[in-house]
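# Chain and residue survey
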Amino acid sequence: MSSPSATAPWSSKRVRREFLRLEGAIYGYGQADALFSAKIAREYPNLRNVVYLDYSASPPAPVSTFHAFTRDVSTTLYSNPHSRSPSSTAATAAISNVRRRVMSDVFGLATPQAQAKWDVVFTSGATGALKLVAESYDWTDRSDGNGGVTYRYVTEVHTSVLGIRGTALERGGAAQAMTLEEVATWLSDGKAGARDLFAYPAQCNATGKRLGLELCRKIKQRHPACAVLLDAAAYLASTPLDLDSIPTEEAPDFVACSFYKLYGYPTGLGCLLVKKDAFDRIAFRPYFGGGTITGVSVSTPFWNYSQIPGAHEEPRIHEALEDGTVSFLGIVALGHAMDTFRRLYGSQSAVSAHACALASLMRRELDAVRHPNGRKAVQLHEAFKSGRTSAIPLAPDGPVISFTAFNAESEMIGHVSFDRAATADGFQLRSGGLCNAGAMDSVLGLTDEERLQLYLAGNICGGEDNFAFSNNSMKALGIVRISLGAASTVDDVLKFIEFFRKEGTLSFSEPTVGGNASSNSFNPTGAFP
């Protein structure tokens, strides 16, 4: 690889020195570079000899979390919170404490007054939270006279958000996928039923582009009766979601998240944050599990009464929605993970500043890489492209970068081939369709018709092919994603740029006329001049 300027050869030392000069107050949480590096080495011994660039998938967990958790459960007995024993009481108290901390630390609901308007429902993860909404929503409601409930969603959503469509359609609702331009039109002169549901991601998991809370505010201002479901899993991985910064009536009705995305551990635990005023939207639950009912019959006449509160009672939403016994030891572990996180990094805002500074450096350096013949080596990708010209502004990017690499002949290097080369050099990243079909369609230029043709031809999610034929042309089947987080270092960034610039890294070349599905590269029309 060559540098942008022949008179100033690229130097990792120079880039490092300039970055620390400009971002030293943010990078490393204000600690001296050597102290921060020592802390990371101490807390993450499993990162030794590894450059980890997959924080959006799952950040590594610091060892202090495990030490604190094992000390706690070794000396304190916690048991099923549905019992009345002292150990059960201890578990119940721990769960209540963590529930409050989640509202404060994760969602910015710090005061008792703010927390009184919401409830945290523990789930198996963000997908479990989204599924809970899907299976609890009354899709058959006809009370507004508009012919039923419509599920609308932004096209660039995670598969788990897209999957709500299946339940909506199966239970008599309708569904509509919308680009941001179509959303803008709907906000301007469209209609919404009083029981409709709109879902969107606070951050695109595939590209790091963000919609944040502003889209929800616009929806609530234009269609106040429409419920909003926010997928915050990718966003919360690096940035706090400050719900107290906007009026409650303009906030989402439901927010889904996974805690391992924030803290690395525990896995298999997330939550659905529910606005209490919206609970009636998801009270339609044919299934009932242990802990969610106050009375039940065994035989006919069949009846059961749930934990849904009476007219003068404080809503106990989590008691009505948490089927069976919650992961009480997982929740205890979550409390320790939050303690460790605060001690190491201070706040989620500090993590955001640190990781986004590194991501800006990574984007700038990747975009500057050129082959000796002057051709670009990287094409950076983005989602929500129409947001730049529509009435829906984008929030600042998250610390996620997706791209496609090109060799010196401007031939696209397949994501699988690049992933394997990076892995062989000690890098760990993500490649493929990234569980976001809409983002891939936008980035790779695929249509639903082509996607079906590719599937019928044997190209499935997680496949090993770089490319495939569709409509007499070669199509890429995935992209590469790197993501940064709390424990990322400037050396992680520089090592990856050095890998990119190393002679031979981007020298794949066995294209044929029209390409070959198993090739490492092919020349897409109009890629780079």
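This section reports on the structure supplied with the text. Values in this document were obtained by computation on a predicted structure and should not be read as measured data. (Residues numbered from 1 in each chain as written. Predicted model: local features only at pLDDT ≥ 70, side-chain atom pairs only at ≥ 80, totals over all residues. Heavy atoms only, no water.)

## Let's talk about the overall build of the protein chain
Worth spelling out the cut-off: Per the convention used, a helix needs a DSSP run of H or I reaching at least four residues, while a strand needs a run of E reaching at least two, with both numbered from the N terminus. For the exposure calls, accessible area comes from a 1.4 Å probe over protein chains only, and a residue counts as buried if that area is under 20% of its type's maximum, exposed if over 50%, partly exposed in between. By definition in these notes, contact holds between two residues if any of their heavy atoms fall within 4.5 Å. In this description, accessible areas are obtained by the Shrake-Rupley approach with a 1.4 Å probe, and a residue is regarded as covered only by the protein chains that are shown.
Assigned secondary structure in the protein chain consists of 19 helices and 19 strands. Out of the 529 residues in the protein chain, the part that is buried amounts to 54%. Considering only intrachain contacts with a sequence separation of at least 6, the fraction spanning at least 24 residues in the protein chain is 75%. Only carbon and sulfur atoms are counted for the fraction: they give 52% of the accessible area of the protein chain, which is about 22600 Å².

## A look at the environment of Gly24
As for its position among the elements, Gly24 is in the loop between helix H1 (12–23) and helix H2 (33–43). Overall, the relative accessible area of 27% leaves Gly24 in the partly exposed class. A C-alpha to C-alpha distance of 9.9 Å links Gly24 and Ala357, two positions 333 residues apart in sequence. Beyond its immediate sequence surroundings of up to four residues, Gly24 is in contact with Phe19 and Gly30.

## Brief notes about the packing of helix H4 (residues 86–106) against helix H14 (residues 328–345)
For clarity, the cut-off: Angles shown run from 0 to 180 degrees and are taken between the N-to-C directions of axes, each axis being a line fitted to C-alpha atoms and, for helices, limited to the stretch in contact. What sets the label is the angle itself: under 35 degrees gives roughly parallel, over 145 gives roughly antiparallel, 65 to 115 gives roughly perpendicular, and the rest give oblique. Crossing handedness is defined as follows: a turn of the near helix away from the far one that is anticlockwise and smaller than a right angle gives a left-handed crossing, while the clockwise case is right-handed. Basically, the charged four are Asp, Glu, Lys and Arg, the nonpolar ten are Ala, Val, Leu, Ile, Met, Phe, Trp, Tyr, Cys and Pro, and anything else, Gly included, counts as polar.
Between H4 and H14, the least distance of the axes is 9 Å, while the angle of their chain directions is 45°. When the axis of H4 is compared with that of H14, the two are oblique. Crossing angle aside, the handedness with which H4 passes H14 is left-handed. In this structure, H4 uses Ala91, Ala94, Ile95, Val98, Arg101, Val102, Asp105 and Val106 to contact H14, whose residues at the interface are Phe328, Ile331, Val332, Leu334, Gly335, Met338, Asp339 and Arg342. Classifying every residue of the contact of H4 with H14 gives eleven nonpolar, one polar and four charged.

## Quick notes on the nonpolar core
Formally: The definition of a nonpolar core used throughout is a set of buried Ala, Val, Leu, Ile, Met, Phe, Trp, Tyr and Cys residues joined through side-chain atoms within 4.5 Å.
Core analysis: the biggest nonpolar cluster contains 151 residues, and Phe107, Phe254, Phe418 and Phe496 have the highest contact counts within it. It is H14 that contributes the most residues to this core, ten residues altogether.

## Focus on the packing of helix H15 (residues 348–368) against helix H19 (residues 490–501)
Closest axis-to-axis distance for the H15/H19 pair is 10 Å, and the angle between their directions is 10°. Classified by the interaxial angle, the pair formed by H15 and H19 is roughly parallel. As H15 packs across H19, the resulting crossing turns out to be right-handed. Taken together, the residues of H19 that come into contact with H15 (itself represented by Leu358, Leu361, Met362, Glu365, Leu366 and Ala368) are Val490, Val493, Phe496, Ile497, Phe500 and Arg501. For the contact of H15 with H19, the residue count by class is ten nonpolar, no polar and two charged.

## Some details on helix H9 (residues 180–189)
Side chains of residues three or four places apart in an α-helix project in the same direction, reflecting 3.6 residues per turn. Worth spelling out the cut-off: Note that the arc is defined by the directions from the helix axis to the C-beta atoms.
Taken residue by residue, H9 has Leu180, Val183, Ala184, Trp186 and Leu187 as its buried positions. Mapping the buried residues of H9 onto a view down its axis gives an arc of 160°, with all of them on the same face. Exposed positions of H9 whose direction lies more than 90 degrees from the buried face are Ser188 and Asp189. Tucked inside the fold, the buried residues of H9 contact strand S3 (150–154), strand S4 (174–178), strand S5 (197–201) and helix H10 (214–222).

## Notes on the pairing of strand S7 (residues 254–258)
Condition: By the convention used here, strands pair only if DSSP detects at least 2 bridges between them.
Counting buried positions over the five residues of S7 gives five, a clear majority of the element. Of the two faces of S7, the one lined by Phe254, Ala256 and Ser258 and the one lined by Val255 and Cys257 are each fully buried. Sheet analysis places strand S6 (residues 227–231) next to S7, joined by three bridges and oriented parallel. Each bridged residue has a counterpart across the sheet, and for Leu229 the counterpart in S7 is Phe254. The sheet contact formed by S7 and strand S8 (residues 270–275) spans five bridges and is antiparallel. What sits directly across from Val255, in S8, is Leu273.

## A look at the packing of aromatic side chains
Where we set the bar: Only rings of Phe, Tyr and Trp enter the pairing, Trp through its six-membered ring, and a pair is recorded when the two centres are within 6.5 Å. The plane angle decides the type: under 30 degrees is stacked, over 60 is edge-to-face, the rest tilted.
Applying the stated rule across the entire model yields 25 aromatic pairs. For the ring pair Phe418 and Phe499, a centre distance of 5.9 Å and an interplane angle of 75° mean the geometry is edge-to-face. With Phe418 in helix H16 (residues 415–424) and Phe499 in helix H19, this pair connects stretches of sequence that are 81 residues apart. Take Phe418: its relative accessible area is 1%, and that puts it in the buried class.

## Focus on the pattern of salt bridges
Rules: Salt bridges are identified by distance alone: a Lys or Arg side-chain nitrogen within 4 Å of an Asp or Glu carboxyl oxygen.
Applying the stated criterion across every chain, the model contains 23 salt bridges. With a closest N to O distance of 3.6 Å, Glu43 and Arg343 form a salt bridge. Here Glu43 is found in helix H2, whereas its partner Arg343 is found in helix H14, with 300 residues between them in sequence. The class of Arg343 is exposed, set by a relative accessible area of 53%. Between Asp54 and Arg481 there is a salt bridge whose closest N-O contact spans 3.4 Å. Residue Asp54 is found in the loop between strand S1 (51–52) and helix H3 (63–75), and its partner Arg481 is found in strand S18 (residues 479–483); the two are separated by 427 residues along the sequence.

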